[in-house]
Amino acid sequence: MMTETFYVTTAIAYPNGAPHIGHAYEMIVTDAIARWARLQGKETFFLTGTDEHGIKMVQTAAAEGITARELADRNAARFKELAGRLDISNDDFIRTTEPRHYEASQEIWRKMAASNNGDIYQSTYKGWYSVRDEAYFDEDELTDGENGKKLAPTGAEVNWVEEDSYFFRLSAYQDRLLKLYEDNPDFIAPEERRNEIISFVKSGLRDVSISRTTFDWGIPVPGAAGHVMYVWVDALTNYITGVGYPDANSEQFKKFWPANLHVIGKDIIRFHTVYWPAFLMSAGIPVQKRVFAHGFLTSEGKKMSKSVGNIVDPHEQLDLYGTDPVRWYCLREISFGSDGDWGREKFINRNNSDLANNFGNLAQRSLSMIQKNFGGLLPEAQPTDAERTIVATAVETIGKMDLAMKTQQIHDAAGELVSLLNAANLYFADQAPWGLKADLRRMGTILATTADIVRRAAIAAQAFVPGSAAKFLDALAVPTDQRLLSHALGASGVSAGTALPPPEPVFKKFEIAKPAA
Ligand code: MSP
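Residues numbered from 1 in each chain as written. Predicted model: local features only at pLDDT ≥ 70, side-chain atom pairs only at ≥ 80, totals over all residues. Heavy atoms only, no water.

### Let's talk about the sheet that holds strand β13 (residues 261-265)
Part 1: Judged by pairing direction, the sheet is parallel, and its six strands sit side by side in the order β3-β2-β1-β13-β14-β9 without closing on themselves. Both edges of this open sheet fall to β3 (92-95) and β9 (188-189), since each of them pairs with a single strand only.
Part 2: Sheet analysis places strand β2 (residues 43-50) next to β3, joined by four bridges and oriented parallel. Its bridge partner lying in β3, glycine 49 is registered against isoleucine 94.
Part 3: Each of β2 and β3 is contacted by helix α3 (residues 68-85), which is oriented at about 160 degrees to β3, the strand it contacts most. (Pairing = 2+ DSSP bridges. Helix = DSSP H or I, 4+ residues; strand = E, 2+ residues; numbered from the N terminus. Contact = heavy atoms within 4.5 Å. Axes fitted to C-alpha atoms, helices over the stretch in contact; angles between N-to-C directions.)

What follows is the structure, encoded as structure tokens:
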């Protein structure tokens, strides 16, 4: 049987500054999706990276008195470092300044230029451009700001540009795009976003300017001296560079393209669901299968901004709380697809109730009783109805997690995990094994069953809190080749009599009143 494959990507961030919590959020959610696919036994490829060209990089670098390349090098390293600290399982990290990406971008350009007697033509662009958004805007989308400034719908200032430019015939793709959305109802998620895009495309599409001539920090347009590609053309192409394009016959490309899922923020959905599929169709490359647009994070209820000075630094949060609590908050507290908030009190409550009190306690209590009463040897379970019920609940709940993950309802999947841990804690409290010193057989059954529930929960939890889940699985002596979803749903791979190492607490509680150490 052929192993099913799964290719998932994040957006590639502009390395014009240090990563903030929104970038961390996107890495974490995408990582949970990638790890879940691996748990399902799929051959998975997970790509993230940095989007290094464009005028924004040039201007930020100039303000700091360094080159765009120096700025990109410095900050790309910070994004990589963050991915490491967040325990992100990306298989590759692409930088759009790499030679492989120049090749891919120039090849897709050539393909678009050659298609339909030319989807690319030369003209003059006259219109508004927002450097912050790296996007063009129509006059009727703008509002008036202070001092006669014009503002894009994002609030960013726009400038008037007039330059010789190549255009992509996006207007010719309206019907094909509408058919794509129609034929593939899962192409855009969440549903509200899909509806927005459909009405946007129905209202008519203009051709887009896809090259720039007033600066040179970009990928040269093949055969057109003085033109560099509009940064979004090259940025979107990263998704195919990452799996080997332009070598469309390579094993990797054939295996993983079209991507199963692009995870992005809601602000860049048009680029991913209108421009990108049109570019691909034009180049004769299959279109990605799905785009999921997540929401934006605020900080203690307020929009994060440099001027307010409330940008949440993920490194600071990691220093305070550690990797898995940060991951857990992103996955469990924030409903995937909606906006969310980064708030200290909510964070600590979430950590204490779900991780420390629920998951941590269940494991710690059962495992330390095994040490104390059975010399650390996993006792034998002789199940009664109570044991059969809790095991059935575990299997059923993990099945629900799987179902939720199929449509990226990550917070629901995380919620199911919590409900399983609640049920297991209730079972443990009801059975009160601590009072059964005179009936070690019965006590052993309860402890072994609880350990088995921790095993199942920890297998599923690997997608969410991988470091902690691995500690639980090690403490339960679960062999590393028995940590897939199929094992969480099947019989225990750990036999009675197996020696278990003394358990160490895995999660910590934090106090709201004072900052964590
Ligand atoms: N470089 C482009 C993406 C190109 S993808 C081919 C870009 N970069 S970005 O650095 O501005 O944003 C990177 C990702 O972070 C985007 O998906 C964006 O939506 C997301 N976020 C930026 N700010 C965010 C929050 N405050 N909250 C959550 N995600 C946010 O756009």
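### Concerning the environment of tyrosine 275
Part 1: Along the chain, tyrosine 275 falls in helix α9 (residues 269-283).
Part 2: Of the residues examined, tyrosine 275 reaches a relative accessible area of 15% and is grouped as buried.
Part 3: When the C-alpha atoms of tyrosine 275 and valine 233 are compared, they prove to be 8.6 Å apart, with 42 residues separating the residues in sequence.
Part 4: Dropping the residues within four chain positions of it, tyrosine 275 is found in contact with Leu170, Val208, Leu236 and Arg270. (Buried < 20%, exposed > 50% of the residue type's maximum accessible area, 1.4 Å probe, protein only.)

### Some details on helix α1 (residues 21-39)
Part 1: With 19 residues, α1 ought to run about 27 Å at 1.5 Å a step, and its terminal C-alpha atoms sit 26 Å apart, in line with that.
Part 2: Counting buried positions over the 19 residues of α1 gives 17, a clear majority of the element.
Part 3: Directly beyond the C-terminal end of α1, a positive phi value near 90 degrees is found at glycine 41. (Expected span 1.5 Å × (residues − 1).)

### Let's talk about the confidence of the model for the protein
Part 1: Per-chain confidence: the protein averages 96 in pLDDT, with 99% of residues scoring 70 or above.
Part 2: Mean pLDDT values over the elements of the protein span from 93, in strand β5 (residues 135-137), up to 99, in strand β1 (residues 5-9). (pLDDT = per-residue confidence, 0-100.)

### Digging into the pattern of salt bridges
Part 1: Per the stated rule, a full pass over the model turns up 36 salt bridges.
Part 2: With its nearest N and O atoms 2.8 Å apart, the salt bridge here joins glutamate 333 to arginine 350. Here the residue glutamate 333 occupies a position in helix α11 (residues 323-333), and arginine 350 occupies one in helix α12 (residues 344-374), the gap between them amounting to 17 residues.
Part 3: For glutamate 333, a relative accessible area of 28% translates into the label partly exposed. (Salt bridge = Lys/Arg side-chain N within 4 Å of Asp/Glu carboxyl O.)

### Considerations on the site of the ligand
Part 1: Lining the immediate surroundings of the ligand are 24 residues, of which Ile12, Glu26, Asp51, Gly265 and Asp267 lie closest.
Part 2: Here aspartate 267 contributes a side-chain N or O atom positioned 2.5 Å from an oxygen atom of the ligand.
Part 3: Protein contacts shield 93% of the accessible area of the ligand, which totals 660 Å² for the unbound molecule.
Part 4: Every element with two or more residues in the shell around the ligand is listed here: α1, α7 (231-241) and β13.
Part 5: Ranked by the residues each element gives to the shell around the ligand, the list is headed by α7, at five residues.
Part 6: Classifying every residue of the shell around the ligand gives 13 nonpolar, eight polar and three charged. (Near = heavy atom within 4 Å. Polar contact = N/O pair within 3.5 Å; in protein donor to acceptor, adjacent residues only side chain to side chain. Areas by Shrake-Rupley, 256 points an atom, 1.4 Å probe, with all protein chains shown as cover. Nonpolar A, V, L, I, M, F, W, Y, C, P; charged D, E, K, R; others polar.)

### Considering the sheet that holds strand β10 (residues 208-209)
Each strand in a sheet pairs with another by means of backbone hydrogen bonds, the pair being arranged parallel or else antiparallel.
Part 1: Read from one edge of the open sheet, four strands run β5-β4-β8-β10, paired in antiparallel fashion. Looking at which strands have only one partner, the edges of the open sheet turn out to be β5 and β10.

### Considering the side chain of arginine 95
Part 1: By the secondary structure assignment, arginine 95 is in strand β3.
Part 2: Within the structure, the side chain of arginine 95 is placed 2.6 Å from the side chain of aspartate 73, a separation counted as a polar contact.
Part 3: Excluding anything up to four places from it in sequence, arginine 95 contacts Thr50, Glu52, Ala72, Asp73, Ala76 and His101.

### Topic: the nonpolar core
Part 1: Core analysis: the biggest nonpolar cluster contains 94 residues, and Ile33, Trp36, Leu86, Trp342 and Phe464 have the highest contact counts within it.
Part 2: Broken down by element, the residue count for this core peaks at twelve residues, all from α1.
Part 3: Apart from the residues within four sequence positions on either side, isoleucine 33 is in contact with Phe6, Val8, Leu261, Val263, Phe336, Met405, Gln408 and Ile410.
Part 4: Among the nonpolar cores identified, the runner-up in size contains 82 residues, and Met57, Phe187, Phe256 and Trp276 belong to it. (Core = buried A, V, L, I, M, F, W, Y, C linked by side-chain atoms within 4.5 Å.)

### So, the packing of helix α5 (residues 174-183) against helix α6 (residues 191-202)
Packed helices, taken two at a time, are described by their axes: the angle between them and the distance between them.
Part 1: Axis separation between α5 and α6 bottoms out at 10 Å; the angle between their running directions is 160 degrees. With respect to each other, α5 and α6 are oriented roughly antiparallel. As α5 runs across α6, the sense of the crossing is left-handed. Residue-level contacts link Gln174, Leu177, Leu178, Tyr181 and Glu182 of α5 to Arg194, Ile197, Ile198, Val201 and Lys202 of α6.
Part 2: Class assignment of the residues belonging to the contact of α5 with α6 gives a composition of six nonpolar, one polar and three charged. (Parallel < 35°, antiparallel > 145°, perpendicular 65-115°, else oblique. Left-handed = near helix turned anticlockwise from the far one by under 90°.)

### Topic: the pairing of β2
Part 1: With seven of its eight residues buried, β2 lies for the most part within the structure.
Part 2: Note: β1 against β2, five bridges, orientation parallel. Counted as the bridge partner of threonine 5 is glutamate 43 from β2.
Part 3: Considered for its hand, the β-α-β crossover made up of β1, α1 and β2 is right-handed. (Right-handed = clockwise from strand over helix to strand, strands pointing away.)

### Topic: the environment of aspartate 452
Part 1: Among the secondary structure elements, aspartate 452 is positioned in helix α15 (residues 440-461).
Part 2: Using a relative accessible area of 11% as the deciding quantity, one classes aspartate 452 as buried.
Part 3: On a C-alpha basis, the gap between aspartate 452 and aspartate 412 in space is 23 Å, while along the polypeptide they are 40 residues apart.
Part 4: Discounting chain neighbours no more than four positions away, the residues touching aspartate 452 are Val391 and Ser492.

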